[in-house]
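Examining the three-dimensional arrangement
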Amino acid sequence: MSVILEFKDFGFRYTGNKEFTVRDINFRIRHGEFVMLSGPSGGGKTTLARAMVGLIPHFYMGEMEGSVLIDGVSTKNKEVKEISRTIGYVFQNPDNQIFMTTVIRDVAFRLEFMDLPKEEMINRVRYILDKLGIADLMYRRVETLSGGEKQKVAIAGVLVAQPKVLILDEPTAYLSPKSALGLMKLLDRLNKELGITIILIDHRMDLAIQYVKRMIVLYNGRIVLDASTKDALETALDKLYGINIPTISRLYHIFKRWGYNPPSPIIEAEDLSRYILKEVVKA
Ligand SMILES: Nc1ncnc2c1ncn2[C@@H]1O[C@H](COP(=O)(O)OP(=O)(O)O)[C@@H](O)[C@H]1O
Ligand SMILES: [Mg+2]
């Protein structure tokens, strides 16, 4: 698949700071990928997200090195509004993203620049709410929504513009483990059914392990790991700073240390149990 997003020797220093927040950033994202961008707080994840949608350099003042390309074109030569049609960005806190009083108004508001007939606008809103499984929230007032519902409305507001890439900045921070897992399944569906490229900024790898295909880890403004999820869990546990390692992958390493050879660090609990019964208990 072709490259949709590319960082080339990118660096950024916010005005007023002495140090660069991020530096020597090089990676490419292809259409249809499901990537997790992770690492400890303050590492520069949100800064990279801002650069992906052009808020850096267009809104944040500072010194930028290198370039960020979307479909081969530098973000310096694109307007943020234009970029937002390709790349949707769900902010860290959904309250910063919901502007209107009701769900339908808020989601429809994202379509206003398109000049669609009212009927078509409502149909699109209904379609996307339906896809997210929240059609029943359409006429609800925003202040009556739970944290998880607000998160989904914020995602709907971004998706309704039909972006090719969806960036979510720590979307599970305000969610229960159950809602967070539901969100992961939803992202997996958007990725598989609609072909949307997903860039998930999060540290809940335990929840995302079945869906995320690639891990990029940022530590102190540098990329310290860029690997497939399987390779990351197999050989680079020490580089997964600040990340919730799935228990199943820890078990994999324990059995390895004991001289066994389980098939993969990404394995269903049931399959690992079967392996243990067959190869370990019977041995
Ligand atoms: N708006 C800003 N103005 C000045 N410095 C900032 C701003 N946003 C972020 N920074 C700096 O960049 C560092 C990394 O921030 P951020 O990109 O938000 O990391 P992360 O999302 O990984 O927690 C912060 O510790 C801070 O020093
Ligand atoms: Mg952040």
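Check the entry above for the structure.
Given the structure is predicted, the values throughout are model-derived calculations rather than measurements.

Topic: the pattern of salt bridges
- Counting across every chain of the model gives 20 salt bridges.
- Between Glu-6 and Arg-28 there is a salt bridge, and its shortest N-O distance comes to 3.3 Å. Within this pair, whereas Glu-6 is found in strand S1 (residues 3-14), its partner Arg-28 is found in strand S2 (residues 22-30), the two being separated by 22 residues in sequence.
- On the basis of relative accessibility, which here comes to 14%, the residue Glu-6 falls in the buried class.
- Exposure remark for Arg-28: the relative accessible area of 43% places this residue in the partly exposed category.
- The shortest N-O distance in the salt bridge between Asp-106 and Arg-110 comes to 2.9 Å.

With respect to the pairing of strand S3 (residues 34-38)
- Burial analysis of S3 places five of its five residues in the buried class, which makes it a mostly covered element.
- Taking every second residue as pointing to the same face, both faces of S3 are buried, with Phe-34, Met-36 and Ser-38 on one and Val-35 and Leu-37 on the other.
- Where S3 meets strand S8 (residues 197-201), four bridges bridge the pair, whose relative direction is parallel. For Val-35, the partnering residue across the bridge sits in S8 and is Ile-199.
- Note that S3 and strand S9 (residues 214-219) share four bridges and pair parallel. Opposite Leu-37, over in S9, you have Ile-216 as the bridge partner.

Quick look at the site of ligand 1
- Ligand 1 sits among 13 residues. The nearest are Thr-21, Gly-42, Lys-45, Thr-46 and Thr-47.
- Within the side chain of Thr-47, a nitrogen or oxygen atom sits 2.5 Å from an oxygen atom of ligand 1.
- Surface burial for ligand 1 is 65%, taken as the share of its 560 Å² of free accessible area covered by protein chains.
- Top contributing element to the shell around ligand 1 by residue count: helix H1 (residues 45-52), with four residues.
- Classifying every residue of the shell around ligand 1 gives three nonpolar, eight polar and two charged.

A few points about the packing of helix H10 (residues 247-257) against helix H11 (residues 269-281)
- Running from N to C, H10 and H11 cross one another at 20°; their axes reach a closest spacing of 11 Å. With respect to each other, H10 and H11 are oriented roughly parallel. Our pair here, H10 against H11, has a crossing hand that is left-handed. In this structure, H10 uses Ile-248, Leu-251 and Phe-255 to contact H11, whose residues at the interface are Ala-269, Leu-272, Ile-276 and Val-280.
- Class assignment of the residues belonging to the contact of H10 with H11 gives a composition of seven nonpolar, no polar and no charged.

Some words on the side chain of Arg-214
- As for its position among the elements, Arg-214 is in strand S9.
- Residue class for Arg-214 comes out buried when judged on its relative accessible area of 13%.
- One polar contact links Arg-214 to Glu-33, side chain to side chain, over a distance of 3.0 Å.
- When neighbours within four sequence positions are excluded, Arg-214 is seen to be in contact with Phe-27, Arg-28, Ile-29, Glu-33, Phe-34, Val-35, Met-36, Asp-226, Ala-227, Ser-228 and Thr-229.

Definitions and limits used
Residues numbered from 1 in each chain as written. Chains lettered and ligands numbered in written order. Predicted model: local features only at pLDDT ≥ 70, side-chain atom pairs only at ≥ 80, totals over all residues. Heavy atoms only, no water. Salt bridge = Lys/Arg side-chain N within 4 Å of Asp/Glu carboxyl O. Helix = DSSP H or I, 4+ residues; strand = E, 2+ residues; numbered from the N terminus. Buried < 20%, exposed > 50% of the residue type's maximum accessible area, 1.4 Å probe, protein only. Pairing = 2+ DSSP bridges. Near = heavy atom within 4 Å. Polar contact = N/O pair within 3.5 Å; in protein donor to acceptor, adjacent residues only side chain to side chain. Areas by Shrake-Rupley, 256 points an atom, 1.4 Å probe, with all protein chains shown as cover. Nonpolar A, V, L, I, M, F, W, Y, C, P; charged D, E, K, R; others polar. Axes fitted to C-alpha atoms, helices over the stretch in contact; angles between N-to-C directions. Parallel < 35°, antiparallel > 145°, perpendicular 65-115°, else oblique. Left-handed = near helix turned anticlockwise from the far one by under 90°. Contact = heavy atoms within 4.5 Å.

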